Amino acid sequence: MMLKITLFMFFMWMIYDLSYGQSGQATIKDRLLIAETSIPSLSEIVNITANEMEIKDLLYSVGSSVRVNITADEMLKGKVTGTFERVKLSELLLHLSERYSLDFRVTGEIIYFFPFVTVHPQRKVNVMMNDDGMLTIDLKNDSLGQVLKELSLLTGMNFHYDRSLYGIPVTCYMKDERILHSLQGIAVAANLKIISVDSLHHRFEKKEHSQVMLPANSVQPVQSRSVTSQGRTEADVHLSQGVLYVAAEQSELFPLLVKVFEISQTEFVMLSEVKGLVTIHGSFESVDELLDMLLANTPFTYSRHDELIMLGSRLDERLRTSRFYAFRQRTVEGLPEQIPQELKKGIEIRAFPDLNGLIVSGSAPATEELFRFLATIDKKVPVIDIEVYIVDIRDSRSVSAGIQAGLGATSSETSGSVYPSADVHLNSVTVNEVMTGITRLGLLNLGRVGPAFFLKLKLLEEQGSLKIRSTPRLATLNGHEAKMSIGRTEYYLEIQNNVIGTQNPQNLISQQYKSVQADLSLIINPSVSDNEDITLKVSMNQSNFTERISPSAPPGTISREFQSLLRVRNGEMVVLGGLEEDSKSKSSNGLPLLSRIPVLKWLFSARNTSKSKSRLTIFIRPTVIYH
């Protein structure tokens, strides 16, 4: 019986090894079922709850609970949250493997989990040779080692390179090129240099930065400097393994260029006379690289048309090129004024808002330098979404109390209110009745008042509370202002009196209503740093109307303002404000002397007391948005 079980397990493990090794034909589920035959504990029921638990810790925990030897690779990442009740251990491991891209390997009774790696089929290098020995190459991020291996099989050549260069990606396309030209193109695409040992052996090496000594203004127009021919030396130019070596000391520029073109077998056309003296020592990978160095900061430039190079003055229209640069990430508005003046020398730049780009016209090297600069600033400009909460709380309290007596119409009647506030108008009849009642008490004989007499009694207290909450939302580009204003307008009448004439003067009266505005204005200028911290420049101004000194006079205004510069994190809220305003006023009128005597003053005067308090608070929360 034991022999049968042993043979069965051996047979199952053979199936497992074959299925695991043949392109992953067996699924994780099938492999777990096979593993249950040798590790019965995988069939046990487990109960576990995880809350933000590292997946490695979860595997160790469930393995320990059922005594299964489980180990995990250090590269496993991820946190698990969930409740697993009455599930088989193998089902839990299957869920984790599928959910977090895990793979496992069984060694005896040890289960080792590691990240699942997808093996992609290797792309065939696209290199072809026709019957004439010409190569057509179409490479897209192919490794240098695979490309050279394919070329070696096609051409019979041998290529040597350092081990570190094997995986360098190469992307280029060449059609019907000679073998040596194709090798040079691959070297340029990989930013390497090629050294030909002989016709069948070539070596690829990293480029070494050449030491070029080219002092400022080393190329000088002949008109500004007179040098005899005896004082000049002949330039040394030679070509070795595709690299130009140039050594010149105060040499004429024109003969040097001619010599370079002849040695490199480059066709050229001189559109105008190229003059000057040059001092240069170095090696160059191409003729274009040498020309960029020689003609920089000079009145001359060049333009390449396929295999032909044209040289001449930068002002020559035949050497000027017109190109269009379209911005993808930012607006072109106001950009031409921000470009450094050095980059705009000899170049005409015009903004083309319809396509959000710049039209550039100038020499090829100058426009190319400008395009490189534009590429560095063509980046996404973040948008800042600004949430603003404005809370304005106002509390007020006023008390009016006093007695007013006087003479008026005899027909006036007693009227007014006594609750919740007392404001009563008593005529002479009512006053006499009150005085008669007091006289009957025998305390004091007050007599009587005339029919035109009246008495006003006022006792009033008012309280108010007002809470204003406003939640505007602003958005602006990085470095640009966002503005908000909330207010109201009042008008006053202005009258002008103009006198015209001296013999028969006439008065011309004109009336005009003029406006006065009180508002709450908020200006925010945000700037985002690389770590998404936001610098806010906040300016706030609040103005309110006060009472008019006369009905036709303009209203008075009071204002509160502050400016603040602060830094906050993305999405955090900051509180500004605390602008408080307290006002108290007291006024009274009454009979002289009597209105100042305690107790009696309430009978011989009227008093008004008011108190108000307002508090303005602003909450700001900026959020950076890139899309």
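Residues numbered from 1 in each chain as written. Predicted model: local features only at pLDDT ≥ 70, side-chain atom pairs only at ≥ 80, totals over all residues. Heavy atoms only, no water.

1. Focus on the overall build of the chain
Phase 1 of the analysis: Scanning the chain from N- to C-terminus turns up 11 helices and 31 strands.
Phase 2 of the analysis: Of all 627 residues assigned to the chain, the portion counted as buried reaches 33%.
Phase 3 of the analysis: For the chain, restricting intrachain contacts to residue pairs at least 6 apart in sequence, the fraction spanning at least 24 positions comes to 63%.
Phase 4 of the analysis: Carbon together with sulfur atoms contributes 53% to the accessible area of the chain, which is approximately 39400 Å² in total. (Helix = DSSP H or I, 4+ residues; strand = E, 2+ residues; numbered from the N terminus. Buried < 20%, exposed > 50% of the residue type's maximum accessible area, 1.4 Å probe, protein only. Contact = heavy atoms within 4.5 Å. Areas by Shrake-Rupley, 256 points an atom, 1.4 Å probe, with all protein chains shown as cover.)

2. Section: the sheet that holds strand β19 (residues 348–352)
Phase 1 of the analysis: Strand order across the open sheet formed by 3 strands is β18-β20-β19, with antiparallel pairing between neighbours. Edge positions in the sheet fall to β18 (320–326) and β19, since each of these pairs with one other strand and no more. Averaged over all adjacent pairs, the angle separating strand axes in this sheet is 20°, with direction ignored.
Phase 2 of the analysis: Sheet topology places β19 next to strand β20 (residues 357–363); 5 bridges connect them, and they run antiparallel. Across the sheet, Glu348 pairs through a bridge with Ser361, a residue of β20. (Pairing = 2+ DSSP bridges. Axes fitted to C-alpha atoms, helices over the stretch in contact; angles between N-to-C directions.)

3. Section: the sheet that holds strand β16 (residues 300–305)
Phase 1 of the analysis: Here 3 strands make up an open sheet; going across it, the order is β14-β17-β16 and the pairing mixed. Across the chains shown, the open sheet's two edge strands, defined by having one partner strand only, are β14 (267–270) and β16. Mean inter-strand twist for the sheet, computed between neighbouring axes without regard to direction, equals 20°.

4. Points about the pairing of β20
In summary, the side chains of a regular strand alternate between the two faces of the sheet.
Phase 1 of the analysis: Most of β20 sits out of view: 6 of its 7 residues are buried.
Phase 2 of the analysis: Joining the antiparallel neighbours β19 and β20 is a turn of 4 residues, in which Asn356 adopts a positive phi near 50°.

5. So, the packing of helix α3 (residues 55–65) against helix α4 (residues 89–99)
Phase 1 of the analysis: Here α3 crosses α4 at 170°, and the two axes come no closer than 12 Å. Between α3 and α4, the interaxial angle falls into the category roughly antiparallel. Contacts from Leu58, Leu59 and Val62 of α3 reach α4 at Leu89, Leu92, Leu93 and Leu96. (Parallel < 35°, antiparallel > 145°, perpendicular 65-115°, else oblique.)

6. What to know about the nonpolar core
Phase 1 of the analysis: Core analysis: the largest hydrophobic core is formed by 31 residues, its most contacted members being Leu59, Val80, Leu89, Leu92, Leu96, Ile111 and Phe113.
Phase 2 of the analysis: Elements with a minimum of two residues in this core: α2 (28–38), β1 (45–54), α3, β2 (69–72), β3 (79–88), α4, β4 (102–107) and β5 (110–115).
Phase 3 of the analysis: Ranked by the residues each element gives to this core, the list is headed by α4, at 5 residues.
Phase 4 of the analysis: When near neighbours in sequence (up to four residues on either side) are disregarded, Val80 contacts Ala50, Asn51, Glu52, Met53, Ile55, Leu58, Leu96 and Tyr100.
Phase 5 of the analysis: Core analysis: the next-biggest nonpolar cluster, separate from the first, contains 24 residues, Ile384, Leu616, Ile620 and Val624 among them. (Core = buried A, V, L, I, M, F, W, Y, C linked by side-chain atoms within 4.5 Å.)

7. Structural notes on the packing of helix α5 (residues 144–155) against helix α6 (residues 179–189)
Phase 1 of the analysis: At a closest axis distance of 12 Å, the pairing of α5 and α6 adopts a crossing angle of 175°. Regarding the angle of α5 to α6, the classification is roughly antiparallel. Residues Leu144, Val147, Leu151 and Thr155 of α5 touch α6, and the partners they reach there are Ile179, Leu183 and Ile186.

8. Topic: the environment of Ser143
Phase 1 of the analysis: Mapped onto the elements of the fold, Ser143 is located in strand β7 (residues 135–143).
Phase 2 of the analysis: Not counting residues within four places of it along the chain, the set of residues in contact with Ser143 comprises Tyr166, Gly167 and Ile168.

9. Topic: the confidence of the model for the chain
Phase 1 of the analysis: When the pLDDT values of the chain are averaged, the result is 78; 85% of them are 70 or greater.
Phase 2 of the analysis: Summarising per-element confidence for the chain, the mean pLDDT is lowest in helix α1 (residues 2–21) (45) and highest in β19 (89).
Phase 3 of the analysis: The model gives residues 1–26 a pLDDT under 50, and that stretch makes 18 contacts with residues more than four places away or in other chains.
Phase 4 of the analysis: Considering only residues more than four positions removed or in separate chains, one finds that residues 209–231, a stretch of pLDDT under 50, has 35 contacts. (pLDDT = per-residue confidence, 0-100.)

10. Some words on helix α11 (residues 428–440)
Phase 1 of the analysis: Here α11 spans 18 Å end to end across 13 residues, near enough to the 18 Å set by a 1.5 Å rise per residue.
Phase 2 of the analysis: Regarding α11, the residues found buried are Ser428, Val431, Asn432 and Met435. Down the axis of α11, the buried set is contained in an arc of 100°. They therefore lie on one face. Exposed positions of α11 whose direction lies more than 90 degrees from the buried face are Glu433 and Arg440. (Expected span 1.5 Å × (residues − 1). Arc of directions from axis to C-beta.)

11. A word on the pairing of β5
Phase 1 of the analysis: With 4 bridges connecting them, β2 and β5 associate as parallel partners. By the bridge assignment, Asn69 is partnered in β5 with Ile110.
Phase 2 of the analysis: With 6 bridges joining them, β4 and β5 adopt antiparallel strand pairing. Bridged to Phe104 within β5 is Phe113.
Phase 3 of the analysis: In this structure, the hairpin formed by β4 and β5 is closed by a connection of 2 residues, where Gly108 is found at a positive phi of approximately 65°.

12. Observations regarding the side chain of Lys56
Phase 1 of the analysis: Along the chain, Lys56 falls in helix α3.
Phase 2 of the analysis: Residue class for Lys56 comes out buried when judged on its relative accessible area of 17%.
Phase 3 of the analysis: Dropping the residues within four chain positions of it, Lys56 is found in contact with Ala72, Asp73, Glu74 and Leu76.

13. A word on unusual backbone geometry
Phase 1 of the analysis: Its identity is not glycine, yet Asn191 carries a phi of approximately 60°, on the positive side.
Phase 2 of the analysis: Among the secondary structure elements, Asn191 is positioned in the loop between α6 and β10 (192–196).
Phase 3 of the analysis: Its identity as a non-glycine residue notwithstanding, Gln250 has a phi of 50°, on the positive side.
Phase 4 of the analysis: Within the secondary structure layout, Gln250 lies in strand β13 (residues 243–252).

14. Digging into the environment of His181
Phase 1 of the analysis: Mapped onto the fold, His181 is located in helix α6.
Phase 2 of the analysis: When its relative accessible area of 34% is taken as the criterion, His181 is described as partly exposed.
Phase 3 of the analysis: Expressed as a C-alpha distance, the spacing of His181 and Leu135, which sit 46 residues apart in the sequence, is 9.4 Å.

15. Side note on the pattern of salt bridges
Phase 1 of the analysis: Tallied over the full model, the rule gives 13 salt bridges.
Phase 2 of the analysis: For the salt bridge of Lys345 with Glu342, the shortest nitrogen-to-oxygen distance reads 3.2 Å.
Phase 3 of the analysis: For Glu342, a relative accessible area of 58% corresponds to the exposed category.
Phase 4 of the analysis: In this structure, Arg350 engages Glu348 in a salt bridge whose closest nitrogen and oxygen atoms are separated by 3.2 Å. (Salt bridge = Lys/Arg side-chain N within 4 Å of Asp/Glu carboxyl O.)

16. Quick word on the packing of aromatic side chains
Phase 1 of the analysis: Summed over all chains, the structure comprises 7 aromatic pairs.
Phase 2 of the analysis: Plain terms: the ring middles of Tyr325 and Phe327 are 5.0 Å apart, the flat faces sit at 65° to each other, and that makes the pair edge-to-face.
Phase 3 of the analysis: Under the relative-accessibility criterion, Tyr325 is labelled buried at 13%.
Phase 4 of the analysis: Of the residues examined, Phe327 reaches a relative accessible area of 6% and is grouped as buried.
Phase 5 of the analysis: An aromatic cluster is built from Tyr325, Phe327 and Phe371, whose rings are joined through pairwise contacts.
Phase 6 of the analysis: One cation-aromatic arrangement involves Arg31 over Phe104; the distance from NZ or CZ to the ring centre is 4.5 Å.
Phase 7 of the analysis: The ring of Tyr100 carries Arg99 above its face, with NZ or CZ at 4.8 Å from the centroid. (Phe/Tyr/Trp six-rings, centres within 6.5 Å; stacked < 30°, edge-to-face > 60°. Lys NZ or Arg CZ within 6 Å of the ring centre and 35° of its normal.)

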